[in-house]
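# Geometric and topological summary
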Amino acid sequence: MAFWLATERTVQSEGVLSRFDPRFWTVNFPRPMMAAVTTIAPDALRVDAVFHTAGDLAGLIWESEDTHDHPLLRYETARDYRGCRLSFQWRSAGVVALDAVNGPVLTIEGRDAGGAARAWYVRLWNYAEGTPTYAQVALDFAALDGGFDLPGEADPVWAGDIDRMFVSLVPPGYVAGASTPAPALPLPVEAWVELRGMTCDGSGAVLAIGDGIVPEHGLAMASGYDDSYTLTPARLLRNVLLLGYRGSITHYVGMSHYMRLEANGGGYYASLAGGVLNVAAAAWHADFARTAQALGFDVIWSLSYELFDAYCWGDWKQRAWDGAPALTGWSPPSTLLSPAHAGAMAYLRTVAAAFLGLALAAGLAPKFQVGEPWWWVMPDGRPCLYDAAARAAFGGDPVPIATLATMTTAGEQALLDAAGVVLAASTAKLVAAVRSVAPAVQTHLLVYLPTVLATAMPDARRANVPLGWARPAFDVLQLEDYDFVVAGNVAATARGVAAMQARLGYAAADTHYFSGFVLRPDQVADWRAIEAAVAAAQARGTGRTFVWALPQVLRDGYVHFDQGEDAMDAFDDVLFPIALGQEAEVTPGFSTAIVTSGGGFETRNASWGEARTRYDVGPGVRSEADIATLLAFFRARLGPARGFRLRDPFDACSGGDVPTPFDQQIGVGDGITARFALTKRYDDTTRRITRPVAGSVRVAVAATETTAFSVVAGGWVDLDAPPAAGAAVCVGFLFDVPVRFAEDTLSVSRATFLAGTASRVPLIEVREAGA
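Let us look at the structure shown here. (Residues numbered from 1 in each chain as written. Predicted model: local features only at pLDDT ≥ 70, side-chain atom pairs only at ≥ 80, totals over all residues. Heavy atoms only, no water.)

### Details of the overall build of the protein chain
- Within the protein chain, the regular secondary structure consists of 13 helices and 46 strands.
- Considered along the principal axes of its C-alpha atoms, the protein chain spans approximately 100 × 75 × 55 Å.
- Contacts spanning at least 24 positions in sequence make up 77% of the contacts within the protein chain whose residues lie at least 6 apart.
- Surface summary for the protein chain: the accessible area is close to 31700 Å², and the carbon and sulfur share equals 54%.
- Put simply, the protein chain has 58 plus and 81 minus side-chain charges, and the middle of one group is 3 Å from the middle of the other. (Helix = DSSP H or I, 4+ residues; strand = E, 2+ residues; numbered from the N terminus. Contact = heavy atoms within 4.5 Å. Areas by Shrake-Rupley, 256 points an atom, 1.4 Å probe, with all protein chains shown as cover. Lys, Arg positive; Asp, Glu negative; His and termini not counted. Charge placed at Lys NZ, Arg CZ, Asp CG, Glu CD.)

Encoded structure:
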C-alpha cells in the first residue's frame, strides 16, 4: 500500500462541468439559524432553512475557486464570467420575496476593470418574470447592473474578475444590521428556496473538472456533519467514491447543527418542539442517505453524548465536584450529556430513532454507532460524575475524587464502578431505542483509546469501559487512537487494542479501526503515521479500517492506493552479497549551485541537506565466484529497478566500531511523543538512517539504557512509553546504506579479472521516503 498528498491536478483525468452545477453551491449563515443545500434534480437545487432571529441571513454561494473538493477532483478556477448567461426558475416560501425590500440579492465580489476590489448588489427581481415567489430569472453577466431601481440606480457589473457570488435569503421581519445578539423572532421561521431548470450557456459556460478514479483499495471513510453541512451531499459523496473508498461510511451526525432549538432566557436550547431534527438537517441527511444508497454505500449513523455547550440545558451537563461543567477544548466548546439524566438520555434516543428512520426510508441497511460515550475527565484529572442526576444515581452523596491520577480508596473505585454501570445502562437503552425502529440494526460502539486507557489514570476504565459493553452488547467494537498515532506511539496502540478486545470480548474480525486525524494543515506530516497505522490495523486482521476523516482528506489531498500483489517492490531488504575491502571507492556528493559575480564574489545555494553517496564496488570482486554472485544479484534486482542494502566499509556505525546507547542523541522527551527517527550527526549536519542493522540498536532514556522499545521499518525507534519532558533520548546502532545499481548494464569479464584489473560496478545511494 502507498499514499500521496496531492496538491494539484497534473496528468490526471479531467472531464467537463457546466458552470453553476447545482452540486457545487454552498451555504453559509450565523448561529443560531440553520440552512442546507441539496440537489433535487441534475439541474435543480433546494435550500432549506430555519430562522430564529431578526438578524439571520443565509447565503447561497457560488465560488470561482474550488477550495472544498480534493485537489485532484476540483473544478478549474475561472473568474471571468462575461461570456456566461445563467437562467433558472425561482420558487420560495418563508423568505422575504423577490420584489420586497431586503428581498433576494445576488452579491458579486471581485475586482473592477482597473483591478480595485469591490462588490455589486444585483436585485434578482430586476431580472425576473413572474410572481415574487415563482419566477423565471435570467442573468447575462456581460450586461448586468447592480442597484435597487433600474435604470435610475444602475451600477454596471464588470464580470471579468469575480471571486464569488451569493444570493442572500432572510426571514420576514429581518432587520439589516441588527444588534448582537439580534432580537428573537416571535416563532422560528421554516423556509425553502428552489432553483430549478438551471442552465448556463455562452463561451464561459463549461469548466474542466477532475474525474480520475482511484482504484478501490479496501479502506472505508468516516466523516462528520458539523464539518460538511455547508456542502451538498452529492459533492461530498462524489469525492468519497472517486477516491476509492467503498463499503460503509461512518457518518457522525454532529453535536451542533442537527437539533431543533427553542428560545429561553436569551439563549437557544435543544428541543423536540415541532419535531426532532430541524428542517435543514433533516433535508440534508435525507438527501445524504438517498445519494449514498444510489452510489452503493452503507451508512453507519454515529451519535455521541456530546452537545454544543450553548445549546445544552444546564441540568443535562456532566459536572465536576465543584459544579464546573464538562467542556471540551473546542472553540466554542461542546459539553457532555450526563448518562444519569433521564431527559438528556431520552432526547438522544429520540434523535437516534429519527436518523435511523431516514436510513430506512432511503433503503439503506440500518447501522448505528454510539460514538465515544464516556464520563468526561477534566485536564487535571477531575471526573465529571457530580451533576444532580448523577449524584442521585450514586446515592445522593458520592465520595469526592480530586483526581483520577491519585486514586487511593476502595470507595473511590466503587464510585467509578457505579458510574460504569450507569453508563452501560444508558447505552443499552439507546441501542434498544434504535432496535425499536430497525430490529435488524447492526450496532457499533466507538471507544477512544488514549482517554479510557490513560496510563496516568488506570482506574478510569472502571467508569468509561464498563463490562456492560462486553459482547454481545454491541455487534462491532470500533476503536480510534489518533493521539497515539500522531505521537508515533505504536506500542500504545497495540496494547490498547489488545486490552479492549480482551476486556470486552470482541475478536479482531468484529473490531473496526479508525486511523487519523490531522487537525491542522501544518501537520500534514502526520499522514505518514496514519498510513502506517492503517497497515498495522490490517495486519492485525481488523474487520474494517476507516480513514478519519473526509474533511482532512480533502484539505490535505490525501490519496491512498494499493500497489497490488504483483507490484514490483522498490526495495529488496537484502545486503549486497560481496564483502567490500578498503579498495572500494566511496564518493559523497552534494548538489550546489554557485554563481560568481563579475567581482569574483560567490553566492552558493545547497540544494541537498545531506550528501548522496556514490560507490564503486568493483574492486571488491576478487574471484570468478564473486563475478557469478554479482551477476546473479544484478539480475535479481532487475538492474537499477530495485534497491538493496550496502555496508559502507568506512561509515557503518553510530559511533566507534561498536555501538553504545549514548552515541547519538535523537530527541528530547515531551511527555507525549514516543517515536523518534534514527539519525547520525556530522558536526552540524544530520543524516537520516533508514536501514539499521537488525538487533544492533541500543537505546538510553535520561542517561539510562532501556530495552522497552521496538524498531520500526524506516529507521524509527518506538518507546513503550513516552519519555518525560526534558529526558534525552540517545541511541547507538550499526547501519546499512540503501543503494541501487547506477546503470542498466553491468560489464565484467574473466579476462579482466585475470589481468588484475578491477571491474567497474557503480552504485548510488537511494533517498528513502522515511528520510
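Text resumes after the structure shown.
### Looking at the pairing of strand β24 (residues 367-371)
- Among the 5 residues that make up β24, 5 are buried, leaving the element largely enclosed by the rest of the structure.
- Burial of β24 is two-sided: the residues K367, Q369 and G371 facing one way and the residues F368 and V370 facing the other way are all buried.
- Strand direction decides the pairing type here: β24 and strand β25 (residues 442-448), joined by 5 bridges, are parallel. Looking across to β25, one finds that F368 is bridged to T443. (Buried < 20%, exposed > 50% of the residue type's maximum accessible area, 1.4 Å probe, protein only. Pairing = 2+ DSSP bridges.)

### A look at the side chain of D309
- Structurally, D309 is set in the loop between β22 (306-308) and β23 (334-336).
- Classification of D309 as buried rests on a relative accessible area of 17%.
- A polar side-chain atom of D309 sits 2.7 Å from a polar atom in the side chain of K317. (Polar contact = N/O pair within 3.5 Å; in protein donor to acceptor, adjacent residues only side chain to side chain.)

### Quick look at the pattern of salt bridges
- Tallied over the entire structure, the rule returns 39 salt bridges.
- With its nearest N and O atoms 3.5 Å apart, the salt bridge here joins E65 to R79. Here E65, found in the loop between β6 (58-63) and β7 (85-93), pairs with R79, found in the loop between β6 and β7; they are 14 residues apart in sequence, far enough to count as distant.
- What makes E65 partly exposed here is its relative accessible area of 38%.
- One salt bridge connects E190 with R260, and the closest N-O pair in it is separated by 3.0 Å. (Salt bridge = Lys/Arg side-chain N within 4 Å of Asp/Glu carboxyl O.)

### Examining the nonpolar core
- Within the largest apolar cluster, 186 residues are counted, with the highest numbers of intra-cluster contacts made by W90, I108, L139, F141, Y258, W301 and F368.
- If you tally residues by element for this core, the top one is helix α3 (residues 342-361), at 10 residues.
- Ignoring sequence-local partners within four residues, the contact set of Y258 consists of Y225, V253, V276, L277, N278, A281, L303, L307, Y347, L348, V351 and F355.
- F633, F735, L746 and L763 belong to the second-largest nonpolar core, a separate cluster that totals 34 residues. (Core = buried A, V, L, I, M, F, W, Y, C linked by side-chain atoms within 4.5 Å.)

### Observations regarding the sheet that holds strand β37 (residues 675-677)
- Strands sit in the order β37-β43-β42 across an open sheet of 3 strands; the sheet is antiparallel. In this open sheet, the two strands that pair with only one neighbour each are β37 and β42 (709-712). The mean angle between the axes of side-by-side strands here comes to 25°, regardless of whether they run parallel or antiparallel.
- Examined bridge by bridge, β42 and strand β43 (residues 716-719) share 4 bridges and lie antiparallel to one another. Bridge pairing links F709 to L719 in β43. (Axes fitted to C-alpha atoms, helices over the stretch in contact; angles between N-to-C directions.)

### Some details on the pairing of strand β16 (residues 206-210)
- Burial analysis of β16 places 4 of its 5 residues in the buried class, the great majority of the element.
- Looking at chain direction, strand β2 (residues 14-18) and β16 are connected through 5 bridges and run antiparallel. Bridge pairing in β16 places V16 opposite A208.

### Considering helix α1 (residues 233-242)
- Along α1, 9 of the 10 residues are buried, which leaves the element largely enclosed by surrounding structure.
- Buried within α1 are the following residues: P233, A234, R235, L236, L237, R238, N239, V240 and L242.

### So, the sheet that holds strand β14 (residues 162-169)
- Pairing is antiparallel across the open sheet formed by 5 strands, whose spatial order is β3-β6-β14-β8-β9. In the strand order of this sheet, the two ends are held by β3 (26-28) and β9 (117-123), each with one partner. Put simply, the sheet's adjacent strands are angled 25° from each other on average, direction ignored.
- Relative to β14, strand β8 (residues 105-111) runs antiparallel, the two being bridged by 5 bridges. By the bridge assignment for β14, G110 is matched with I162.

### Quick look at the state of the cysteines
- Counted by the stated rule, this structure contains 0 disulfides.
- Here C84 stays unpaired: no disulfide links it, and the sulfur of C200, its closest cysteine neighbor, is 4.4 Å away.
- Of all cysteine sulfurs, the one in C384 lies closest to C312, which takes part in no disulfide; the gap is 12 Å. (Disulfide = S-S within 2.5 Å.)

### Let's talk about the environment of G363
- Inspection of the secondary structure puts G363 in the loop between α3 and β24.
- For the pair formed by G363 and V377, sequence separation is 14 residues and the distance between their alpha carbons is 40 Å.

### Quick look at the packing of α1 against helix α2 (residues 279-294)
- Running from N to C, α1 and α2 cross one another at 35°; their axes reach a closest spacing of 9 Å. Both α1 and α2 take part in a crossing whose hand is right-handed. Residue-level contacts link P233, A234, L236 and L237 of α1 to W284, D287, F288, T291 and A292 of α2.
- Looking at side-chain class alone, the contact of α1 with α2 contains 7 nonpolar, 1 polar and 1 charged residues. (Left-handed = near helix turned anticlockwise from the far one by under 90°. Nonpolar A, V, L, I, M, F, W, Y, C, P; charged D, E, K, R; others polar.)

### Describing the side chain of D481
- One can find D481 in the loop between β26 (476-480) and α8 (482-486).
- No salt bridge is formed by the buried D481; the nearest opposite charge belongs to R540, separated by 6.5 Å.
- Residues contacting D481, with those up to four places away along its chain left out, are Y448, L449, P450, T493, Y513 and F514.

### Observations concerning the packing of aromatic side chains
- On inspection of all chains with the given rule, the structure shows 36 aromatic pairs.
- Here the aromatic rings of Y258 and F355 are separated by 6.0 Å at their centres, their planes lie at 80°, and the arrangement is edge-to-face. Highlighted residues: Y258 in the loop between β18 (248-252) and β19 (260-264) and F355 in helix α3, separated in sequence by 97 residues. For the pair shown, Y258 and F355 are each scored as buried.
- Each ring, one from W316 and one from Y347, has its centre 5.3 Å from the other, and the planes form 40°; the classification is tilted. Separated by 31 residues along the polypeptide, W316 in the loop between β22 and β23 and Y347 in helix α3 bring together distant segments of the chain.
- On the basis of relative accessibility, which here comes to 2%, the residue Y347 falls in the buried class.
- One aromatic cluster is present, built from ring pairs that chain together F29, Y225, Y229, Y258, W284, F288, W301 and F355.
- The ring of Y81 is capped by R19, whose NZ or CZ atom sits 4.1 Å from the centre of that ring.
- The ring of F633 carries R637 above its face, with NZ or CZ at 4.5 Å from the centroid. (Phe/Tyr/Trp six-rings, centres within 6.5 Å; stacked < 30°, edge-to-face > 60°. Lys NZ or Arg CZ within 6 Å of the ring centre and 35° of its normal.)

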